[in-house]
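# Geometric and topological summary
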Amino acid sequence: DLTLLHHRASNWYEQQGLYPDAMQHALAGVDAGQIIRLAKQLATPMLSRSESITLLSWLATLPDYLVRTRPGISLLRAWAMVLTGELETAEAHLQAASQVFDLDPSEAPHVDLRGEIEALRATIAYFRRDMSTAISLYQRALENIPAGNRFLRGCVAQSLGAAYGWQGLVVEATQAYAEANIINRRTGNLPVSLIAQWNLGRLQYEQAHLHQAEEIYRQGIVTLNQQPVIQQQELLPVSGRLHIGLAEILYEWNEIGAALDQVKTGLELSQSRQQSSTQVMGHIMVARIRLQQGDIDAAGQALQQADYLAQRVSGPFYWAAQVARWQARFWLHQGNLRAVA
């Protein structure tokens, strides 16, 4: 029986740690339980590597009846859509999952989904910059996500910290990031843990607590360097952010040469993963350093590169606005008040 062979092949590949091959056989055999289980295992690393399109292509091969009766599949689709910026489509998949859940919310397989649905709704509100709604929904999500689901709780705590940060609620943001760091370390979710650590350093920097920020960044870099080489490759984007954050601290202390070394390291680390937002951050820092050194041409070139990359960051135009802010300072330094205006 061909279906049985695909099932056995999928299990064998999974045991060998060859998850993409395991998924291909699960899809070929239309093995619903195996597909959903593998998708849940693969979704987070794939989404963190910007492989949403591949995940969506796998899920798109499933029969409609399976999608209609398995809210977990609709939720995976919704997460992938959110992270590709397709918020309207994400809401449609989220609504589909909610309808299945609402039919019988007491059914055991669906109980754990309430918190995840609220987390997704919160994330859609976050990307629309409706932070008050996002904060409320993230808080409700944490109330409904079971204590045993530490992975999702860690991700939600991280996102709640980001939403608090956008509202300028520094104390609340710091508490949320600290909790996210602890939870994600315990679950082995090192990428999200280190992002939370970077955000903690950023909050300290914005409050002019430079020594505390430096310690946080350096601790993160030490943690990264202690990981196996393969895992370090997966963590290159956050590694780049930590080095660029450290460059900002050194710049404030007028250690310009050391700052330039750190930002160059950060740009090199983030380039291979096409992390545009990290690259924008790094080129802005290069422009600030070059301006400090009196190299006007190099500063202008760095800002042009930052502007070019900022246009390619998905979602709201946060980074384009940041480039404009520093471009205005650059022109102000040159006395070009018309351009500043």
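For the structure, check the block above.
A brief structural summary. Just so it is clear, the model here is predicted, and its values are computed rather than measured. (Residues numbered from 1 in each chain as written. Predicted model: local features only at pLDDT ≥ 70, side-chain atom pairs only at ≥ 80, totals over all residues. Heavy atoms only, no water.)

### Things to note about the overall build of the chain
Cut-off, in case you're wondering: A run of DSSP states H or I qualifies as a helix once it reaches four residues; a run of E qualifies as a strand once it reaches two. Both are numbered from the N-terminal end. Using a 1.4 Å probe, the Shrake-Rupley method yields the accessible areas, and only the shown protein chains count as cover for residues.
Looking only at helices and strands, one finds 21 helices and zero strands in the chain. Put simply, the chain shows about 17000 Å² of open surface, and 51% of that area lies on carbon and sulfur atoms.

### As for helix 11 (residues 150–166)
Note the cut-off: To estimate the expected span of a helix, subtract one from its residue number and multiply by 1.5 Å. Relative accessible area decides the class of each residue, using a 1.4 Å probe on protein chains only: under 20% of the type maximum gives buried, over 50% gives exposed, and in between gives partly exposed. In what follows, residue pairs with any heavy atoms lying within 4.5 Å of each other are defined as contacts. Side-chain atoms alone can form a polar contact between residues adjacent in sequence; in general such a contact is a pair of N or O atoms within 3.5 Å, and within protein one must be able to donate a hydrogen while the other accepts it.
With 17 residues, helix 11 should reach 24 Å at 1.5 Å per residue; the first-to-last C-alpha distance of 24 Å fits that figure. For helix 11, the full list of buried residues reads Leu152, Arg153, Gly154, Val156, Ala157, Gln158, Leu160, Gly161, Ala162, Ala163 and Tyr164. Of the surrounding secondary structure, the elements contacted by the buried residues of helix 11 are helix 9 (113–127), helix 10 (131–144), helix 12 (170–186) and helix 13 (190–206). Where helix 11 starts, the residue carrying a side-chain oxygen 3.3 Å from the main-chain nitrogen of leucine 152 turns out to be asparagine 149. Immediately beyond the C-terminal end of helix 11, within one or two residues, lies glycine 168, with a positive phi of roughly 80°.

### Details of the side chain of serine 239
The residue serine 239 is located in helix 16 (residues 236–252) in this model. On the accessibility criterion, serine 239 (9% relative accessible area) is buried. If we ignore the near neighbours within four places in the chain, the residues touching serine 239 are Leu224 and Leu269.

### Brief notes about the side chain of arginine 241
Cut-off, in case you're wondering: Asp and Glu count as negative and Lys and Arg as positive, but His and the ends of the chain are not part of the count. Salt bridge, as used here: a side-chain nitrogen of Lys or Arg that lies within 4 Å of a carboxyl oxygen of Asp or Glu.
Within the secondary structure, arginine 241 sits in helix 16. No salt bridge is formed by the buried arginine 241. Its closest oppositely charged neighbour is glutamate 248, at 10.0 Å. Within the structure, arginine 241 has its side chain in polar contact with the side chain of serine 277 (distance 2.9 Å). Beyond its immediate stretch of four places on either side in the chain, arginine 241 contacts Trp198, Ser277, Thr278 and Met281.

### Description of unusual backbone geometry
In the Ramachandran plot, arginine 129 falls in the positive-phi region, its phi being about 60° despite a non-glycine side chain. With respect to the secondary-structure elements, arginine 129 resides in the loop between helix 9 and helix 10. Classification of arginine 129 by relative accessible area gives partly exposed; the value is 29%.

### Structural notes on the nonpolar core
For the record, the criterion: Think of a nonpolar core as a cluster: buried Ala, Val, Leu, Ile, Met, Phe, Trp, Tyr and Cys residues, connected wherever their side-chain atoms sit within 4.5 Å.
Among the nonpolar cores identified, the biggest contains 43 residues, and Tyr217, Val263, Val280 and Ile289 are the most heavily contacted of them. Mapped by element, the contributors of at least two residues to this core are helix 13, helix 14 (210–225), helix 16, helix 17 (256–271), helix 18 (276–292), helix 19 (296–310) and helix 20 (318–334). Not counting residues up to four positions away in its chain, the partners in contact with tyrosine 217 are Trp198, Gly201, Arg202, Leu242, Gly245, Leu246 and Ile249. Ranked by size, the runner-up nonpolar core spans 40 residues in total, among them Ile117, Ala119, Ala134 and Ala176.

### Some remarks on helix 9
With 15 residues, helix 9 should reach 21 Å at 1.5 Å per residue; the first-to-last C-alpha distance of 21 Å fits that figure. With twelve of 15 residues buried, helix 9 is to be regarded as a mostly interior element. Among the residues of helix 9, those classed as buried are Leu113, Gly115, Glu116, Ile117, Glu118, Ala119, Leu120, Ala122, Thr123, Ile124, Ala125 and Tyr126. One or two residues past the end of helix 9 sits arginine 129, with phi positive at roughly 60°.

### As for the pattern of salt bridges
Counting across every chain of the model gives eight salt bridges. When the shortest N-O distance is used, the salt bridge between glutamate 91 and arginine 128 registers 3.0 Å. Of this pair, glutamate 91 sits in helix 7 (residues 87–103) while arginine 128 sits in the loop between helix 9 and helix 10; the two residues are 37 residues apart in sequence, bridging distant segments of the chain. What makes glutamate 91 partly exposed here is its relative accessible area of 32%. Put simply, arginine 218 and glutamate 214 hold a salt bridge, and the shortest N to O gap is 3.0 Å. Of this pair, arginine 218 and glutamate 214 both sit in helix 14, separated by four residues, roughly a single helical turn. A relative accessible area of 37% places arginine 218 in the partly exposed class.

### Quick look at the packing of aromatic side chains
Note the following rule: Each Phe, Tyr or Trp ring, with Trp reduced to its six-membered ring, pairs with another whose centre is within 6.5 Å; inter-plane angles below 30 degrees give stacked pairs, above 60 give edge-to-face pairs, and intermediate values give tilted ones. Note on geometry: a ring has a charge over it if NZ (lysine) or CZ (arginine) is within 6 Å of the ring centre and within 35 degrees of the ring normal.
Following the criterion strictly, the structure yields two aromatic pairs and no others. Between the aromatic rings of tryptophan 12 and tyrosine 13, the centroid separation amounts to 5.2 Å while the plane-to-plane angle is 80°, which identifies the pairing as edge-to-face. Exposure remark for tryptophan 12: the relative accessible area of 46% places this residue in the partly exposed category. Ring centres of tyrosine 126 and phenylalanine 127 lie 5.6 Å apart, and the angle between their planes is 80°; this geometry places the pair in the edge-to-face category. Using a relative accessible area of 27% as the deciding quantity, one classes phenylalanine 127 as partly exposed. Looking at arginine 129, its charged tip hangs above the ring of tyrosine 126, at a distance of 5.1 Å from the centre. Positioned above the aromatic ring of tryptophan 198 is the side chain of arginine 241, whose terminal nitrogen or guanidinium carbon lies 4.7 Å from the ring centre.

### With respect to the packing of helix 9 against helix 10
Note the following rule: Axis angles are defined between N-to-C directions and span 0 to 180 degrees, where every axis is a line fitted to C-alpha atoms and, for a helix, only to the segment in contact. Any angle that falls under 35 degrees is termed roughly parallel, while one over 145 is termed roughly antiparallel, one within 65 to 115 roughly perpendicular, and all others oblique. A crossing counts as left-handed when the near helix is turned anticlockwise from the far one by less than a right angle, and as right-handed when that turn is clockwise. Classification used: nonpolar for Ala, Val, Leu, Ile, Met, Phe, Trp, Tyr, Cys and Pro, charged for Asp, Glu, Lys and Arg, polar for all others including Gly.
Orientation of helix 9 relative to helix 10, taken along the N-to-C sense of each, is 165°, at an axis distance of 8 Å. Viewed along their axes, helix 9 and helix 10 adopt a mutual orientation that is roughly antiparallel. When the axes of helix 9 and helix 10 are compared, the crossing they make is left-handed. Judged by residue contacts, Arg114, Gly115, Glu118, Ala119, Arg121, Ala122, Thr123, Ala125 and Tyr126 of helix 9 engage Met131, Thr133, Ala134, Leu137, Tyr138, Arg140, Ala141 and Asn144 from helix 10. Considering only residue class, the contact of helix 9 with helix 10 consists of nine nonpolar, four polar and four charged.

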